[in-house]
Amino acid sequence: MTATLAAPRTLPIAPRTLPLGKALNAGLRRAMDEDPKVILLGEDIGKLGGVFRITEGLQKDFGPNRVIDTPLAESGIIGMAVGLAIRGYRPVCEIQFDGFIYPAFDQIVSQVAKLHYRTSGNVKMPITIRVPYGGGIGAVEHHSESPEGYFAQTAGLRVVSCSNAADANTMIRQAIASDDPVLFFEPKRRYWQKGEVDVTASLDDAYPLHKARVVRAGTDATIVTYGPLVTTALQAADIAAEEGHSIEIIDLRSLSPLDMDTVNASVRKTGRLVVTHEAATFLGIGAEVAARVQEHCFFSLEAPVLRVCGFSTPYPPAKLEEHFLPDADRILDAVDRALAFGQT
Amino acid sequence: MNANSSADTLIQIVTPEGKRTPQSEYSDAIADVTIDTVRELYEDLVVVRRIDAEATALQRQGELGLWAPLLGQEAAQVGSARALHSEDFVFASYREHGVAYCRGVDPTEMLRFWRGSTQSGWNPYDYNMTTPAIIVGSQGLHATGYGLGMKFDGAEGAVITYFGDGATSQGDISEALGFAASFSAPVVFFCQNNQWAISAPVSVQTHITIAERGRGFGVPALRVDGNDVLAVLAATRIALARAREGSGPTLIEALTYRMGPHTTSDDPTRYRSAAVDDEWKRKDPIERIRLLLERAGGVDEEFETRVRDRADTTAAQLRAGCLGTIEPSPMSLFDHVYAEPHSLISEEREHYSSYLAGFEGARS
Ligand SMILES: Cc1ncc(C[n+]2csc(CCOP(=O)(O)OP(=O)(O)O)c2C)c(N)n1
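The numbers attached to residues start from 1 for each chain and follow its sequence in the written order. Working convention: letters from A go to chains and numbers from 1 go to ligands, in the order in which they are written. It should be noted that, the model being predicted, local features are given only for residues of pLDDT at least 70 and side-chain atom pairs only at 80 or more, the latter also being counted only at that level, while totals for whole chains, interfaces and linings use all residues. Excluding hydrogens and water, the side-chain figures rest on all heavy atoms present in the structure.

Mind showing me how you'd approach the packing of aromatic side chains here?
In this description, an aromatic ring pair is defined by two values, namely the gap between the centres and the angle between the planes. Classification of ring pairs uses Phe, Tyr and Trp, with its six-membered ring standing for Trp, and accepts pairs whose centres are within 6.5 Å; under 30 degrees between planes counts as stacked, over 60 as edge-to-face, and the remaining range as tilted. The final tally for this structure, using the stated rule, is 29 aromatic pairs over all chains. An angle of 40 degrees between the planes, with centres 5.2 Å apart, marks the rings of Phe89 of chain B and Phe91 of chain B as tilted. Geometrically, the ring pair formed by Trp196 of chain B and Tyr271 of chain B is tilted, given 5.3 Å between the ring centres and 45 degrees between the ring planes. Here the residue Trp196 of chain B occupies a position in strand S4 (residues 196–197), and Tyr271 of chain B occupies one in the loop between strand S7 (250–255) and helix H12 (274–281), the gap between them amounting to 75 residues. Both residues of the pair, Trp196 of chain B and Tyr271 of chain B, count as buried. Criterion for a charge above a ring: Lys NZ or Arg CZ within 6 Å of the ring centre, and within 35 degrees of the ring normal. Between the NZ or CZ atom of Lys37 of chain A and the centre of the ring of Tyr89 of chain A, over which it lies, the distance is 4.5 Å. We note Arg213 of chain A situated over the ring of Tyr207 of chain A; from NZ or CZ to the ring centre the distance is 4.3 Å. Numbering goes from the N terminus for both helices and strands, where a helix is a DSSP run of H or I of at least four residues and a strand is a run of E of at least two. Using a 1.4 Å probe on the protein chains alone, a residue whose accessible area is under 20% of its type maximum counts as buried, one over 50% counts as exposed, and one in between counts as partly exposed.

So, in structure tokens, the structure goes:
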């Protein structure tokens, strides 16, 4: 990819502790510094810095032609990005909240996803679509959804989700550097969660964008998850450890493509798998993981693959979201069932 | 009515100083309005502002998750809502608490949505008014479809839909204007141009007036001083009359100002200068009616007491209702996903119910 410019001009000292949201901001800044073709588009991303302040300060430093406050129209934002990409730009679009991506759905699945294929590879779509997603912040309707599955099912799109500050910083840069369109799902309830980030690191030695990561090693069972629930799964594993169980946790990071090698290796070791995400169980990412694991690890499995995910209901009012969202208890309940299987 | 002139004269009946403008075709539309009607409108404005202030306070106290204040937009909402008949149907956005109040929605019912204690709000058929549309602009098409249905049914009445200046950038609103014009749907498109869509000034959405945009779709348009309750009442009556007589849609652009934040999560100081806020304070929709009434000798102690009592009572009821909310039970999560039984939901409901039951045993 073409990162041509001279040394970045606004880099802070690394490594340092940053909240996930600020790590994204630093990643965006770095990408803009390195490539003048990177431009940001979205509602309220300029002076306001976005409703979650992820683009804070960028318009001030890069000007209104590189950080564009758009009219209030998601289809317009993505459709414009398509044209800009055809012109050689690398647009990074912000969709303000998960539930507002649907007005742009047509542009994303009919245009962004298919142009490279339709033009026999002549037209590239290096578009990054950032989506703060998921629940847990007590928001009103349409502000807590997990629509990643729709996009993961669409050929031509790459879909990723970060779960911690360091990944957020690297993955956003990798997504922007990708010549393919990337749906970049940001776990909004983890924006304020801090982690160590080396904002000066080179992408050359970065962990690959589409590789899953073992975030906690264990031997008794595997939990596969991504995005906001990685933190929850780690909490569950801590509790399980007190009860004497060693749980391995895999952060998928990439939902399309899926890194099944990492998942399969873990399941072959532990023999038990629980998949958890906030999106509905039915036809979710977990269903794909489960199907592939039974195909490739059938003889290693000691228990059925279990899923702990959102219900097949619309996201409920805030007062009920603690019931909707998988928590450590529900995850542990599944882990216990997996561990108990076949041991009567 | 002259809704097709491209020159956008701002319809005004009461100036910010509380003086009547000269008689016009628009004042004819409210010829029946007596000083008592103006007193009632004033009372509405005060009560609606009070509901808004109380809800904002409840949010600050942690009782509501969020609130979208209407401060400054009372006249646009009350003036238009008081032009409606009970059989008319309202398709609202998320800021129309004043309209909801005029439709008779119990303020407590409005709050519970923002508290996160209920699904979208009330039963739309109880008040002929939809619950908040969070997806910006979506309601415009719904209004047009409903209006077409009314037309097919030969029903009395009309439809009104509310949206902001930002919403006019959404395809849905453009499509709605186009459809309504094509099918001559009995719809009044009521845009509260409050100058801002969160941090984006109206100039980001359009370089011509919103009224002109309507005309571009073949929808006649009126541009009205949205802080002038009488002018809004007149313009809306004219537009509704057109709809009722089968002459099709009208767009009303009510020029107003969002004096506070976009929602209680927003910080307008990041993008807006206080100087403009001050300028609009001088055009306050309540103040000018008060001046008009004072001038006409319509304010006495009895009236003042009546208005104050009504505002106090409404605020107290609203607070008590909010604090007394009975929160939804966990299993209600699975209610109403479908109108008919669905095996997936039944399965998940049963599974979660036994999960919770096992938990109770373990913990108690
Ligand atoms: C489809 C969609 N995109 C974005 C949003 C986020 N959002 C909510 S309100 C708003 C601004 C709306 O401005 P305007 O239409 O002028 O109405 P106002 O809030 O000023 O009354 C935005 C961007 C949304 N709710 N729906």
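I'm lost on the packing of helix H1 (residues 20–34) of chain A against helix H7 (residues 165–177) of chain A in this one. Help?
Angle between the axes and distance between the axes are the two parameters that describe a pair of packed helices. All names here are of chain A. Between H1 and H7, the shortest axis-to-axis distance is 8 Å and the interhelical angle comes to 30 degrees. Here H7 runs roughly parallel to H1, going by the angle between their axes. As H1 packs across H7, the resulting crossing turns out to be right-handed. Residues Leu20, Ala23, Leu24, Ala26, Gly27, Leu28, Arg30, Ala31 and Glu34 of H1 form the contact with H7, whose participating residues are Ala165, Ala168, Asn169, Ile172, Arg173 and Ile176. Here the contact of H1 with H7 is built from residues that sort into ten nonpolar, two polar and three charged. Each axis is a line fitted through C-alpha atoms, and for a helix only the stretch in contact is used; angles between axes span 0 to 180 degrees, taken between their N-to-C directions. Small angles under 35 degrees read as roughly parallel and large ones over 145 as roughly antiparallel, with 65 to 115 read as roughly perpendicular and the rest as oblique. Each crossing gets its hand from how the near helix is turned against the far one by less than a right angle, where anticlockwise is left-handed and clockwise is right-handed. Whether two residues are in contact is decided by their heavy atoms: any pair within 4.5 Å suffices. Here the term charged refers only to Asp, Glu, Lys and Arg, the term nonpolar to Ala, Val, Leu, Ile, Met, Phe, Trp, Tyr, Cys and Pro, and the term polar to all other amino acids, Gly among them.

Just to check I follow, could you spell out the layout of surface pockets for this structure?
Empty space among the atoms becomes apparent when a probe as large as a water molecule is rolled across them. Residue and element names in this part refer to chain A. Cavities and pockets are found on a 1 Å grid laid over the protein atoms alone: a cavity is a set of points where a 1.4 Å probe fits but cannot escape, a pocket is an open set with protein on both sides within 12 Å along at least five of seven lines, and a lining residue has an atom within 4 Å of such a point. Grid points are joined across faces, edges and corners, and a volume is the space filled by probe spheres set on the points. When its volume is computed, the second largest pocket comes out at roughly 980 Å³. Looking at the lining of the second largest pocket, the elements that each hand over two or more residues are helix H6 (148–152), strand S12 (254–256), strand S13 (273–280) and helix H10 (285–296). When grouped by side-chain class, the residues that make up the lining of the second largest pocket number 20 nonpolar, ten polar and five charged.

Got a minute to help me understand the pairing of strand S14 (residues 306–310) of chain A in this structure?
Each regular strand displays side chains that alternate between the two surfaces of the sheet. All names here are of chain A. Burial analysis of S14 places four of its five residues in the buried class, the great majority of the element. Note that S13 and S14 share five bridges and pair parallel. Counterpart to Thr276 in the pairing with S14 is Val308. Throughout, right-handed denotes a crossover for which the path from the first strand over the helix to the second runs clockwise when the strands point away from the viewer. Crossover connection from S13 via H10 to parallel S14: handedness right-handed. By definition, two strands form a pair when at least two bridges between them are found by DSSP.

So what exactly am I meant to see when it comes to empty space enclosed by the protein here?
Applying the stated criterion to the full structure yields two cavities of 30 Å³ or more. Along the wall of the largest cavity there are 15 residues; nearest its centre are Tyr94, Glu96, His97, Trp122 and Pro132 of chain B. Among the elements that make up the lining of the largest cavity, the one with the highest residue count is helix H5 (residues 107–115) of chain B (three residues). Residue composition of the lining of the largest cavity, by class: nine nonpolar, four polar and two charged. Put simply, the second largest cavity is a space of about 40 Å³. What lines the second largest cavity is Tyr133, Ser146, Glu148, Tyr226, Pro228, Leu229, His277, Glu278 and Ala279 of chain A.

I would appreciate a short explanation of the sheet that holds S7 of chain B in the present structure.
What links the strands of a sheet is backbone hydrogen bonding, and the strands pair in either a parallel or an antiparallel sense. Residues and elements named next belong to chain B. In space, the five strands of this open sheet follow the order S1-S2-S3-S7-S6, with parallel pairing throughout. The sheet is open, and its two edges are formed by strand S1 (89–91) and strand S6 (221–225), each paired on a single side. If you compare each strand with its neighbour and ignore which way they point, the axes differ by 20 degrees on average. Relative to strand S3 (residues 187–193), strand S2 (residues 159–164) runs parallel, the two being bridged by six bridges. When the bridges of S3 are listed, Ile160 appears paired with Val188. Against the sheet, helix H7 (residues 138–153) touches S1, S2 and S3, its axis set at about 170 degrees to S2.

Mind showing me how you'd approach the side chain of Thr313 of chain A here?
Turning to its location among the elements, Thr313 of chain A is positioned in the loop between S14 and helix H11 (321–324). Residue class for Thr313 of chain A comes out buried when judged on its relative accessible area of 10%.

Any chance you could explain the interface of chain A and chain B here in plain terms?
Interfaces are frequently sized by the accessible area removed from exposure as the parts join. With 39 residues of chain A at the interface, the matching set in chain B holds 45 residues. Accessible area, probed at 1.4 Å, shrinks when two parts are joined; the buried area is that loss added up over both. On the chain A side of the interface with chain B, the three residues burying the most area are Leu72, Val140 and Lys319 of chain A, jointly 19% of the side's total. Each salt bridge in this description consists of a side-chain nitrogen of Lys or Arg and a carboxyl oxygen of Asp or Glu lying within 4 Å of one another. Linking chain A with chain B are two salt bridges. Of the charged contacts in the structure, one is a salt bridge between Glu327 of chain B and Lys319 of chain A, with a shortest N-O distance of 3.9 Å. Secondary structure elements with two or more residues in the side of chain A that touches chain B: H11 and helix H12 (328–340) of chain A.

Just checking my understanding: could you explain the site of the ligand for this structure?
Inspection of the region around the ligand gives 20 residues, with Glu74 of chain A together with Tyr94, Arg95, Ile134 and Gly166 of chain B positioned closest. In this structure, the ligand is bordered by residues of chains A and B. The contact in question runs from a nitrogen atom of the ligand to an N or O atom on the side chain of Glu74 of chain A, over 2.4 Å. Relative to its unbound accessible area of 580 Å², the ligand is 96% covered by the protein chains. Split into classes, the residues belonging to the shell around the ligand amount to ten nonpolar, six polar and four charged. One heavy atom suffices: a residue is near a molecule or strand as soon as one of its heavy atoms comes within 4 Å of it. Counted as a polar contact is a pair of N or O atoms within 3.5 Å, where, for protein atoms, one must be capable of donating a hydrogen and the other of accepting one, and residues adjacent in sequence contribute only when both atoms are in side chains. The accessible surface values rely on the Shrake-Rupley method and a 1.4 Å probe; as for residues, cover is taken only from the protein chains in view.

Whenever I open this one, the sheet that holds strand S11 (residues 247–251) of chain A confuses me. Can you help?
Residues and elements named next belong to chain A. Strand order in the open sheet made by the five strands is S9-S11-S10-S13-S14, with mixed pairing throughout. Every interior strand has two partners, whereas the edge strands, strand S9 (213–216) and S14, have only one. Averaged over all adjacent pairs, the angle separating strand axes in this sheet is 25 degrees, with direction ignored. In the packing of H12 onto the sheet, the strands contacted are strand S10 (221–225), S11, S13 and S14, and the crossing angle to S14 comes to about 165 degrees.

In this structure, what is going on with unusual backbone geometry? I would like to understand it.
What is expected of a backbone is that most residues other than glycine have negative phi and most peptide bonds are trans. Residues and elements named next belong to chain A. Put simply, Ser256 and Pro257 share a cis peptide bond, and its omega is 0 degrees. Considering the arrangement of structural elements, one finds Pro257 in the loop between S12 and helix H9 (260–270). Backbone geometry at Asp44 places phi at a positive 65 degrees, although glycine is not the residue there. Position of Asp44 among the secondary structure elements: in the loop between strand S2 (38–42) and helix H2 (58–62). Overall, Asp44 belongs to the buried group, its relative accessible area being 4%. A positive phi angle, near 50 degrees, is found at Ser120, a position not held by glycine. Looking at the element boundaries, Ser120 is found in the loop between helix H5 (115–118) and strand S5 (128–133).

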